[in-house]
Amino acid sequence: MKKFLIAYMILLSSICLWAQADNVSLSIRFYDKQLYYPQKGPVYIQLTITNNSPELYRFRLSEDRAFSIDFDTRYLNNKPVELSDVVIRRRSTGSQVFFREVQLESGESFSFTENLRDYSKLDTAGSFIVQAKFYPELYRVQTAASANGAGGNSGVLVATSNRLSLQIRLPSIINETGIPVDLQEETAAVQVRERLAPDDVISWTLHARQRSQWEKFFLYLDLEAMISRDGGRQRQWRAESEEGRRRMLARYRSDLETAKIDGDIVAIPSDFTVERTVYNEDEGTVTVLEKFKYQTFTEKKRYTYYLHRDEGIWTVVDYTVINLGTE
């Protein structure tokens, strides 16, 4: 009978925790958003826990926040970013975890700021999606296993936040003349990205290619993201130093101009029609029917361009091509 009562109390406690979870939200935002670079400077994220229920909400908050929260950082292809050495070291010490109990009245919020670099290895340039997780009963190995559906303590409560888009970029590349590569060849005037809609970005890019205006063509291409489309180049990119990555980007751009690689993206269409545009706050796709005219026939291809928005600017990060035959 005693074992039954203990089991019943544990079950009742778990039910109460899950009921609370439905009325407790976790939100994240950049604390002081700026330009971020690999292995340089903090990436501060502000986390806010809000009690949306009519009841008092209690949770444990560890002095070392690595035992109360976690960050799930992923590349745009959904591949997870490695954990940082800092968080691995913190969670593997085996020392006692000190915490305090926090109480939130109905409608109250509790906020704190963490450096994302303490949780995720952001040592390469690229585009990422960041999401936070909150562990009111503290992070444990079995907790993480449960959250990922791999067994463990299934009664542990986990709250998940909204997603943030993060862009890690390299400093501007300077050519041998000392002029940034973003300058127009004809006028040496700086090309400025405008807040164009996704389909307008693609139209701009294709028109620029038709006119062989390379600086305009590259303006809305995220070369840092596109260079990682190939697994071999991605591994090389990760192994390179910052200077090596600059040279790699310059070489990639040069190879695109000569159509040595990724020939589909630099092919010159004789005509194109935007068929479909779909986008949300940060991600979008534009489907385009493109025609390539030769002496005796016209080839048709359907391109799907994948775009990402950062600070209001849409850029192309990937693309796919389907051959539709000739006419």
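Conventions used here
Residues numbered from 1 in each chain as written. Predicted model: local features only at pLDDT ≥ 70, side-chain atom pairs only at ≥ 80, totals over all residues. Heavy atoms only, no water. Helix = DSSP H or I, 4+ residues; strand = E, 2+ residues; numbered from the N terminus. Buried < 20%, exposed > 50% of the residue type's maximum accessible area, 1.4 Å probe, protein only. Contact = heavy atoms within 4.5 Å. Areas by Shrake-Rupley, 256 points an atom, 1.4 Å probe, with all protein chains shown as cover. Arc of directions from axis to C-beta. Pairing = 2+ DSSP bridges. Axes fitted to C-alpha atoms, helices over the stretch in contact; angles between N-to-C directions. Salt bridge = Lys/Arg side-chain N within 4 Å of Asp/Glu carboxyl O. Expected span 1.5 Å × (residues − 1).

Caption draft 1: Expanded view of the overall build of the protein chain. Looking only at helices and strands, the protein chain features 9 helices and 12 strands. Burial status across the protein chain gives 43% buried among its 327 residues. Considering only contacts within the protein chain whose residues lie at least 6 apart along the sequence, 69% involve residues at least 24 apart. For the protein chain, the computed accessible surface area is about 17600 Å², with 49% contributed by carbon and sulfur atoms.

Caption draft 2: Representation of helix 7 (residues 231–239). Of the positions making up helix 7, those classed as buried are R233, Q234 and W237. Taken end-on, helix 7 shows its buried residues confined to a sector of 100°, consistent with a single buried face. Relative to its buried face, helix 7 has exposed residues pointing more than 90 degrees away, namely R235 and A239. The elements touched by buried residues of helix 7 are helix 6 (223–226) and helix 8 (242–257).

Caption draft 3: Structural detail: the environment of S212. Position of S212 among the secondary structure elements: in the loop between helix 4 (198–210) and helix 5 (214–219). Along the sequence, S212 and E257 sit 45 residues apart, while their C-alpha atoms lie 9.7 Å from each other.

Caption draft 4: Main features of the sheet that holds strand 7 (residues 126–134). Read from one edge of the open sheet, 3 strands run 4-7-8, paired in antiparallel fashion. Every interior strand has two partners, whereas the edge strands, strand 4 (69–75) and strand 8 (159–168), have only one. Between one strand and the next, the sheet's axes are offset by a mean angle of 25°, whatever the strand orientation. One ladder, built from 8 bridges, connects strand 7 with strand 8; its direction is antiparallel. Residue pairing in the sheet places G126 in a bridge with I168 of strand 8.

Caption draft 5: Spotlight on the environment of L289. As for its position among the elements, L289 is in strand 10 (residues 283–293). With residues near it in sequence (within four places) discarded, L289 still touches D271, F272, T273, E275, K300, K301 and L324.

Caption draft 6: The arrangement of the pattern of salt bridges in detail. Enumeration according to the criterion identifies 14 salt bridges in this entry. When the shortest N-O distance is used, the salt bridge between R90 and D64 registers 3.3 Å. You can see R90 sitting in helix 2 (residues 85–91) and its partner D64 sitting in the loop between strand 3 (57–62) and strand 4, a full 26 residues away along the chain. Overall, D64 belongs to the partly exposed group, its relative accessible area being 26%.

Caption draft 7: Inspection of the sheet that holds strand 11 (residues 298–310) at higher detail. Strands sit in the order 9-10-11-12 across an open sheet of 4 strands; the sheet is antiparallel. Every other strand in the sheet has two partners, leaving strand 9 (271–279) and strand 12 (313–326) as the edge strands with one partner each. Looking at each pair of strands side by side, their axes are set apart by 20° on average, direction ignored. The pairing of strand 11 with strand 12 spans 11 bridges and is classified as antiparallel. Bridging across to strand 12, H308 finds its partner in T315.

Caption draft 8: Focus on the environment of T277. Here T277 shows up in strand 9. A relative accessible area of 29% places T277 in the partly exposed class. Setting aside residues up to four positions removed in sequence, T277 forms contacts with P198, D199, T285 and V286.

Caption draft 9: Examining helix 4 more closely. The end-to-end C-alpha separation of helix 4 is 19 Å, in line with the 18 Å expected for 13 residues at 1.5 Å each. All of the buried residues along helix 4 are P198, V201, I202, S203, T205, L206, A208 and R209. Structurally, helix 4 contributes buried residues whose contacts are with helix 5, helix 9 (263–266), strand 9, strand 10, strand 11 and strand 12. Once helix 4 finishes, S212 follows within two positions and takes phi at roughly 60°, a positive value.

These values are about where atoms sit, not about what they do.
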